[in-house]
There are 2 protein chains.
Amino acid sequence: MKIQNQERVIIENISPCIENGNFSLKTIANQPVFVEADILADGHDHLRAVLQFKAKSDKKWQEVPLSPLGNDRWGTTMISENEGTHEYFLEAWVDWPLNWLFGTRKKIDAGQHVKSELLEGAEYIKDILKKIKGKAKTAAESWIATLENEATYNEALELVKSDSLQQLFFDFPTKHLAAKSPLLPWKVERKKALFSTWYEFFPRSASETAGKHGTFKDCEKLLPRVAAMGFDTLYFPPVHPIGEVNRKGKNNATDAQPGDVGSPWGIGSKLGGHMSLHPELGNEADFKSMVDTAKSLGIEIAMDFALQAAPDHPWVKSNPQWFKWRPDGTAQYAENPPKKYQDILPIYFETADWKNLWDELLRIALYWVEEFGISVFRVDNPHTKPFHFWGWLMAKVQEKHPHVLFLAEAFTRPKIMEQLAKQGFTQSYSYFTWRTNKHELTEYVNELTKTERKHYFRANFWPNTPDINPFHLQSGNESIHLQRYALAATLSSNTGVYGPVYEHLVSDAIPGKEEYHDSEKYEFRHWDWKKETNLSRIMAAINHARREMPSLQQTNNIEFLEINNQHLLAFHKWDFEAKDRSLIVVNLDPHYAQNGWVKVPLAHWGIQAGHTVRVYDVVTKDSYVWNEEHCYIELHPVLPFHIFKVEF
Amino acid sequence: MKIQNQERVIIENISPCIENGNFSLKTIANQPVFVEADILADGHDHLRAVLQFKAKSDKKWQEVPLSPLGNDRWGTTMISENEGTHEYFLEAWVDWPLNWLFGTRKKIDAGQHVKSELLEGAEYIKDILKKIKGKAKTAAESWIATLENEATYNEALELVKSDSLQQLFFDFPTKHLAAKSPLLPWKVERKKALFSTWYEFFPRSASETAGKHGTFKDCEKLLPRVAAMGFDTLYFPPVHPIGEVNRKGKNNATDAQPGDVGSPWGIGSKLGGHMSLHPELGNEADFKSMVDTAKSLGIEIAMDFALQAAPDHPWVKSNPQWFKWRPDGTAQYAENPPKKYQDILPIYFETADWKNLWDELLRIALYWVEEFGISVFRVDNPHTKPFHFWGWLMAKVQEKHPHVLFLAEAFTRPKIMEQLAKQGFTQSYSYFTWRTNKHELTEYVNELTKTERKHYFRANFWPNTPDINPFHLQSGNESIHLQRYALAATLSSNTGVYGPVYEHLVSDAIPGKEEYHDSEKYEFRHWDWKKETNLSRIMAAINHARREMPSLQQTNNIEFLEINNQHLLAFHKWDFEAKDRSLIVVNLDPHYAQNGWVKVPLAHWGIQAGHTVRVYDVVTKDSYVWNEEHCYIELHPVLPFHIFKVEF
């Protein structure tokens, strides 16, 4: 508490401001952000306030004025075109020269004699003289003379009323006793942080030949297919050597059979650890070639960053202090009593040697970034490692490589997920996977986009993952697969899918569980990569629409629309600058056609009722002309959604 | 941002916490406060959290455990019986011994062999050995032996399941890597901060004889009357010498006539300044005698702290640097262009000599506290002096004299009023004076009692002041005077009235303004202090009910009740500990009887429908028996309210 301090202005309740500035506001380059605060002073004097911001590496601050919004709230917009760490603060002061100017004008208007006031004004101009030169200085000097000379009283009155004197005071503020807010952190990321389309498959299932272990070379051949479908991020489960001790068998069996390939998340063996590649997938050259080819096709390879070790990971011998040891001399494997996971040793972050441990983990991330051009990490179970570790690791990586993105795979409690986002994760897996009805979807999306979370939590919507085969997909019903992908890809600008099973409607589950039967987590499978299913075709069409429509490349620009049917979900999104508007309606009933009347957001678009609107379905290529505020929609399970581009 | 840090627990969103701990939470002695926070860690380990608090002058912290409330929110209650500055913080850690205990119990229940786990448990007990002695130590040593000895395996299992081992771990936590919240300030004040009943009159109008200037001696004679009416705080406008230069005349005339007494807020003349008394009122002995007599009757004299000077205040010569001087050599009087207030010089807080100025103003406050036993200040226009000054001044006074209370007279914009409360004002005049209809009253009271404001802003509800003769009172209608006092005194536990005009229904106004005609601000008046009006009698009855009913001695314990008539306002208040419940209904229509059915809050009181409730009207002494959830109420303008004490 600054208890003795002559400042008169109070700056409070700044928004956005994440946990009092402990964490960064997140935006992407060129995305404007509206900053506001309570700004007030004692008395009735004229206040001014500015926002100052800059990239941390810059020397010069950019300054924009704030305007009063009513009720002592002030606001303005800031924007940066450069990625990287930024900072901003607010500054506000009682502006004596302008206060004098506006007061004196009122006195003149009331017919008062203001001789003494004019002399005061001259003093204010004198204070500015040292800051200006040339013509401006000559003018200012002549104004002083006018104000001080009784003979030019009437001229002086005109000067007080003039814009030029007001402009001088505005341009050269004294900032006497200015109050400053704390410096607040702000991270500007590249556009992909907000707009990305992910595809996931297991490299070991990439072979064209059934029964053969896939390789990076096989993956490389599949890249054109992934690109053609409109995906820009290809995520692979871990590609490191897989532990041989306590290896898991098919369908998560505790005893592996000879030939079982194990779980790729059981990382490390005598063949190496987190900085090695699984030899059956290929060597470093193969991996690099694949990453480069992907890049040339507009695809980034997202690597899995999974911080755990198989019992035969090299660290267990080289750095035993990074694991917890039991009194009987054995290493502590993962457990959630009474369950035991003997194929995995968790890393012991409470170790006294934690600084070396953190450094080694950072070295791993930097190795893949710097040696192989990896620019995206999907982080496995970040919620089982300390939050501060992630904050530190990501800041360290992004300090050198601000373009590197991190997706948090934390399907856990809300505040844990939010904390990871605050610590710096670019994107987060989300509850979308389980939100199916209209109420749930609306509530969840509003929570993400209309609360403080919109400033730091970027959800990524996945209909499925290798870990989650949700009950509603287990029927193998095609309509619900179409519906869920359309929802994921339009509600959220970040979306992803565990692709092969999805495209082929493979959805057999372990009975009673949301887990895939014959899961690729424990075996490799064979997919007909040449086959184009109806799903593949429509997913591709949706992805291409996302690429063409700026309104679908953001998440927070969403409003749900009234539609008189519980099975129909309708919403619209917009990008006013790009003049792009979309309107989406989805039939949530996978079995029956549903119809209803959607309320078209004419007022939001700034158009009059009766005006004609043309809507163009980006998948079917049909278009419709709407003249009314309520328009009829009918959607059949065979193609259960409209993604309309709106034109008028 | 603590970026490198091995702690695993996060503590966030603490409530209450005023502006991130920049300002104090306020409570009164023995008032419990529920503290909550988000507390979370990575993984699934067992967490524990405590709240620590103490008076700033104490050495020893008091510790209370927090309990999980769901959704990673934790909470507990703290309470202090001592006035003064306190502080509190939260501390949370992963509790390894308890984590081990609960995990091992699950393994035992699942029939697993836990030999290795038992050895681990022995280690946890060994860590505690050094903290305990005597019997506890002997027991702990025997437990270690049991856990380590294979021969006592079954005994060891029983020990793991026992409460005694759990209690040991609970009582002697390791607090390994504990996270701590920032230290937060908390001010505990005496009960009067929350429950006070103010009466205001002008000492110069206290004479029994018409046309005679009143004195402190006259005031002293009136004290028994004030006490008998149930008031505990008697506020006097400034009692210092009144400026003679540019003195105001009757009805705010700019030219005083000979004999005009001027405004007591025009402080200072050749007779003295803020540390002198106006000679016509009496001397220091008279003043002291009056203050002491008041105290003996349970009344505290509230002094006006008005920081401004008449043009002939001694400071103008002795400390000219504390005023603003114009280029023509004259002092800057108060103005709000084009209006000018030539009888008042504002203090120039931007002076370079501000530290001496602040010290002198503090010396004034301490003088009246220490020499005359003044314990309450009503601060005039605090919103025209810097906020930080007030924060400093009040902290300084209360550091030595924690019982001193400050009421902020700031009828201004909401955020300015809130800021003054944050800086430390005990109580604040409020918008009640202008909130008249059911919607306005409900909304305003909910704003004060259901938002963060309840932790720092204590409203004082005044139906009128010498500055405000609100339009609705100008009719002189008795019913609305009864209604407004009943509302003020039951909605808020802090209430006050500018008494003589109110009791005598004197409400003549300057036409079109909310100002009293022949205002006592500019002249003294004569009141018949012997007369007991209907208003005096009922105001006294309300005051006495407040003294007897603990539920009326708090403000935040309020819920409005459904009642099917726009003119009837109903609410209830409670003090569960004192087993006191009140139910209030007020007829807001001063002209007609109104009736309706109030919904009785049976569920809130924890009683079944059909159960009999007896309500006792504390003013009329009537009582009613209610059997239903909806009860009939009819109120006439002649006595437009019920204050019921509820019994069952």
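Residues numbered from 1 in each chain as written. Chains lettered and ligands numbered in written order. Predicted model: local features only at pLDDT ≥ 70, side-chain atom pairs only at ≥ 80, totals over all residues. Heavy atoms only, no water.

Taken residue by residue, the interface counts 70 residues in chain B and 69 residues in chain A. Buried surface at the junction of chain B and chain A, both sides included, amounts to about 6300 Å², of which 51% is carbon and sulfur. If you look at where chain B meets chain A, you find 14 salt bridges. At six residues, helix H11 (residues 414-423) of chain B tops the list of elements feeding residues into the side of chain B that touches chain A. By residue class, the composition of the side of chain B that touches chain A is 25 nonpolar, 21 polar and 24 charged. (Contact = heavy atoms within 4.5 Å. Buried area = accessible area lost by both parts, 1.4 Å probe. Salt bridge = Lys/Arg side-chain N within 4 Å of Asp/Glu carboxyl O. Helix = DSSP H or I, 4+ residues; strand = E, 2+ residues; numbered from the N terminus. Nonpolar A, V, L, I, M, F, W, Y, C, P; charged D, E, K, R; others polar.)

Residue and element names in this part refer to chain A. Counting buried positions over the seven residues of strand E1 (residues 9-15) gives six, a clear majority of the element. Relative to strand E3 (residues 33-41), E1 runs antiparallel, the two being bridged by five bridges. Bridging across to E3, Ser-15 finds its partner in Glu-36. (Buried < 20%, exposed > 50% of the residue type's maximum accessible area, 1.4 Å probe, protein only. Pairing = 2+ DSSP bridges.)

In this section: the packing of helix H2 (residues 115-129) of chain A against helix H5 (residues 163-171) of chain A. Residue and element names in this part refer to chain A. Their axes nearest at 10 Å, the elements H2 and H5 cross at an angle of 50°. What the angle tells us is that H2 and H5 run oblique. Crossing geometry of H2 relative to H5 is assigned as left-handed. Residues Gly-121, Tyr-124, Ile-125 and Ile-128 of H2 form the contact with H5, whose own contacting residues are Leu-165, Leu-168 and Phe-169. When its residues are assigned to classes, the contact of H2 with H5 shows six nonpolar, one polar and no charged. (Axes fitted to C-alpha atoms, helices over the stretch in contact; angles between N-to-C directions. Parallel < 35°, antiparallel > 145°, perpendicular 65-115°, else oblique. Left-handed = near helix turned anticlockwise from the far one by under 90°.)

Right, let's get into the relation of the copies chain B and chain A. For the pair chain B and chain A, the best superposition has an RMSD of 0.2 Å and corresponds to a rotation of 180° with a translation of 0.1 Å parallel to the axis. Such a combination of rotation and displacement between the chain copies is what one expects of a two-fold axis. Proximity to the rotation axis, assessed at the C-alpha, singles out Asn20(B) in chain B; its C-alpha lies 3.5 Å from the axis. Most of the interface of chain B is mirrored in chain A, where 99% of its interface residues are also at the interface. (Least-squares fit on C-alpha atoms with pLDDT ≥ 70 in both.)

So, on to the sheet that holds strand E22 (residues 494-498) of chain A. Residue and element names in this part refer to chain A. Ordered in space as E21-E20-E19-E18-E13-E12-E11-E22, the eight strands form an open sheet in which the pairing is parallel. A single partner strand is all that each edge strand has here, and the edge strands are strand E21 (459-460) and E22. Direction of pairing for strand E13 (residues 300-305) relative to strand E18 (residues 376-380): parallel, over a ladder of four bridges. Paired with Phe-305 across the bridge in E18 is Val-379.

Another point: the domain arrangement of chain A. Residues and elements named next belong to chain A. Under the domain assignment, chain A is made up of domain 1 (9-95 + 178-188), domain 2 (97-171), domain 3 (190-244 + 283-305 + 352-551), domain 4 (245-276 + 308-346) and domain 5 (558-647). A straight line from the C-alpha centre of domain 3 to that of domain 4 covers 24 Å. Tallying the contact residues gives 35 residues for domain 3 and 30 residues for domain 4. In total, domain 3 and domain 4 occlude about 2800 Å² of area from one another, counting both sides; carbon and sulfur atoms represent 60% of this. (Domains from an automatic or database assignment.)

Okay, the side chain of Asn557(A) next. Residue and element names in this part refer to chain A. Residue position: Asn-557 is located in the loop between helix H15 (534-548) and strand E23 (558-560). The class for Asn-557 is buried, based on a relative accessible area of 6%. Those residues in contact with Asn-557 that sit more than four places away from it in its chain are Ser-551, His-572, Lys-573 and Trp-574.

Strand order in this open sheet of eight strands is E21-E20-E19-E18-E13-E12-E11-E22 (chain B), and the pairing throughout is parallel. The open sheet is flanked by strand E21 (459-460) and strand E22 (494-498) of chain B, the only strands paired with a single partner.

Side-chain pairs of opposite charge can arise where the charged atoms are in close proximity. Using the criterion set out here, one finds 84 salt bridges over all chains in the structure. As a salt-bridge pair, Lys324(B) and Glu120(A) come within 3.7 Å of each other at their nearest N and O atoms. Of the two residues, Lys324(B) is situated in the loop between helix H8 (314-318) and strand E15 (334-336) and Glu120(A) in helix H2; the pairing between them involves two chains. Judged on exposure class, the residue Lys324(B) and its partner Glu120(A) are both buried. A salt bridge links Asp304(A) to Arg378(A); its shortest N-O distance comes to 3.0 Å. One end of the pair, Asp304(A), is in strand E13; the other, Arg378(A), is in strand E18, and 74 residues separate them in sequence. One network of salt bridges, with partners in common, ties together Lys107(A), Glu117(A), Arg326(B), Asp328(B) and Glu335(B).

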